[in-house]
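Remarks on the overall topology
Letter by letter, the chains look like this.
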Amino acid sequence: MKKLNISRIAAVSSAALLAASPALAQDRTFTVSWWGFNGDALQEIIIEPFQEMCDCEVIFETGNNSDRLSRLQLRGGEGVDVIYLTDRFSQLGIELGLFQPIDRAQVPNIDELYDLAQAPQGEYGPAYSIGRVGIVYNADEVESPITSWDDLWREDLQGSISLPGITTTAGPMVVLRAGARAGVDAYEDPDAAFAEVAELQPNVLTNYNTGSEMINLFSTGEITVSMAQDFALGRLQAAVPSVVWADLEDGAIATLNTINIPTGSENVELAHQFLNFVLSEEIQHTLAVRGVDAPVNAGVDLTEEEAAPWTYGDEMISSLNRIDYVPLNANLDEWINRWNEIFGM
């Protein structure tokens, strides 16, 4: 099996499914690997009804993307029936040979998803939720609205920006945007891309590694601008109501949360049923209105208020920029070293 260095590459009705599902042994266990966020809501919305449907016990493995993928690799793809990962890490799992192709005939609800979510990484797992990375800023403190990624380099923002660390989900996107500003492919010409990163450095007060760190920096007034993932926007605006999401003319960047079935799953048929369940219009709608995940089932209809926190609707989703994680993962170790030289990490 190909070995990669991943140590640093740091969401049908129940009745219908029950009627369609074959009888399953009551002593069967079904293992889900996910982050563990929103545990009470997920227990109520997904786990309890699915346990009733499958007549099985659902158990969990929790942790961040890198740790859980590393554990799965050490076990040779065994010990987990379905695994939730962001698309950068699921691409690593594909390259490591840890996931099996999805039998889409067993997951008909995939056909109800937005195009971007159906097969984001080929024959492997679909996305169950789509987010975005963009720019947030304190409108009371920033003189002119931010309308482009290039605005991060504005002279009036000196010492007022926090960027995500290079090993976070969003961190490498800084390098890609720097390459775009330089008019080059960051993979083909990293020297030019990192020259632009160096030009950005005077505007950067600090790098952050968690959403909580970023929110605290806004709360204390140390920063007025940051790159962020949209899932943090609600908490950020609760702390600093004048923070807004920038409407970027060059587009936000898509982040996809995927579900895959590991090669060593002991309950492959049940794993496909689980995917079909969490992708159903009913479950996707409930997850959205309960504030858990953005829906990717195109049949989900949300009010303006319900949709406000999410990357939602065909118009918004189709406007997002996608990232090819194959070359990104291959270049990340070099990028980490270059990044640390600039920011003194």
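The shown structure was predicted, so the numbers you read here are calculated from the model rather than taken from an experiment.

Moving on, we come to the overall build of the protein. Broken down by element type, the protein carries 14 helices and 10 strands. Computed over the C-alpha atoms, the radius of gyration of the protein is 21 Å, within 12% of the 20 Å expected from 2.2 N^0.38 for a compact globule of 345 residues. As presented, the protein carries roughly 14500 Å² of accessible surface, and 46% of it is formed by carbon and sulfur atoms. Charged side chains in the protein number 17 positive and 52 negative. The centres of these two groups are separated by 7 Å.

Looking now at the pairing of strand 10 (residues 253-262). Buried residues dominate strand 10, accounting for 10 of its 10 residues. The alternating pattern of strand 10 places Ile 253, Thr 255, Asn 257, Ile 259 and Ile 261 and Ala 254, Leu 256, Thr 258, Asn 260 and Pro 262 on opposite faces, both of which are buried. Sheet topology note: the strand 3 (residues 82-86)/strand 10 ladder contains four bridges and is antiparallel. Following the sheet pairing, Thr 86 is matched in strand 10 by Asn 257. In this structure, strand 4 (residues 99-100) lies alongside strand 10, joined through two bridges in antiparallel fashion. The residue of strand 10 that forms the bridge with Gln 100 is Ile 261. Examined bridge by bridge, strand 5 (residues 127-138) and strand 10 share six bridges and lie antiparallel to one another. Note on strand 10: the bridge partner recorded for Ser 129 is Asn 257.

Right, let's talk about the confidence of the model for the protein for a bit. For the protein, mean pLDDT is 91; residues scoring 70 or higher make up 92% of the total. Low confidence marks residues 1-25, where pLDDT is under 50. Its contacts with residues over four positions away, or in another chain, come to 65 contacts.

Turning to unusual backbone geometry, a few remarks are in order. Although it is not a glycine, Asn 38 adopts a positive phi angle of roughly 55 degrees. Of note, Asn 38 is situated in the loop between strand 1 (29-34) and helix 2 (39-54). Using a relative accessible area of 40% as the deciding quantity, one classes Asn 38 as partly exposed. Even without a glycine there, the phi angle at Asp 55 is positive, about 55 degrees. Examined against the element boundaries, Asp 55 turns out to sit in the loop between helix 2 and strand 2 (57-62).

If you walk through the whole model with that rule in mind, you get 12 aromatic pairs. Ring geometry for Trp 35 versus Tyr 84: centroids 6.4 Å apart, planes at 80 degrees, classification edge-to-face. Of the two residues, Trp 35 sits in the loop between strand 1 and helix 2 while Tyr 84 sits in strand 3, which places them 49 residues apart along the sequence. For Trp 35, a relative accessible area of 19% gives the class buried. The class for Tyr 84 is buried, based on a relative accessible area of 2%. Taking 6.4 Å as the distance between ring centres and 75 degrees as the angle between the ring planes, the aromatic pair formed by Tyr 84 and Phe 274 counts as edge-to-face. Here Tyr 84, found in strand 3, pairs with Phe 274, found in helix 10 (residues 268-278); they are 190 residues apart in sequence, far enough to count as distant.

What counts, and at which threshold
- Residues numbered from 1 in each chain as written.
- Predicted model: local features only at pLDDT ≥ 70, side-chain atom pairs only at ≥ 80, totals over all residues.
- Heavy atoms only, no water.
- Helix = DSSP H or I, 4+ residues; strand = E, 2+ residues; numbered from the N terminus.
- Rg over C-alpha atoms; globule rule 2.2 N^0.38 Å.
- Areas by Shrake-Rupley, 256 points an atom, 1.4 Å probe, with all protein chains shown as cover.
- Lys, Arg positive; Asp, Glu negative; His and termini not counted.
- Charge placed at Lys NZ, Arg CZ, Asp CG, Glu CD.
- Buried < 20%, exposed > 50% of the residue type's maximum accessible area, 1.4 Å probe, protein only.
- Pairing = 2+ DSSP bridges.
- pLDDT = per-residue confidence, 0-100.
- Contact = heavy atoms within 4.5 Å.
- Phe/Tyr/Trp six-rings, centres within 6.5 Å; stacked < 30°, edge-to-face > 60°.

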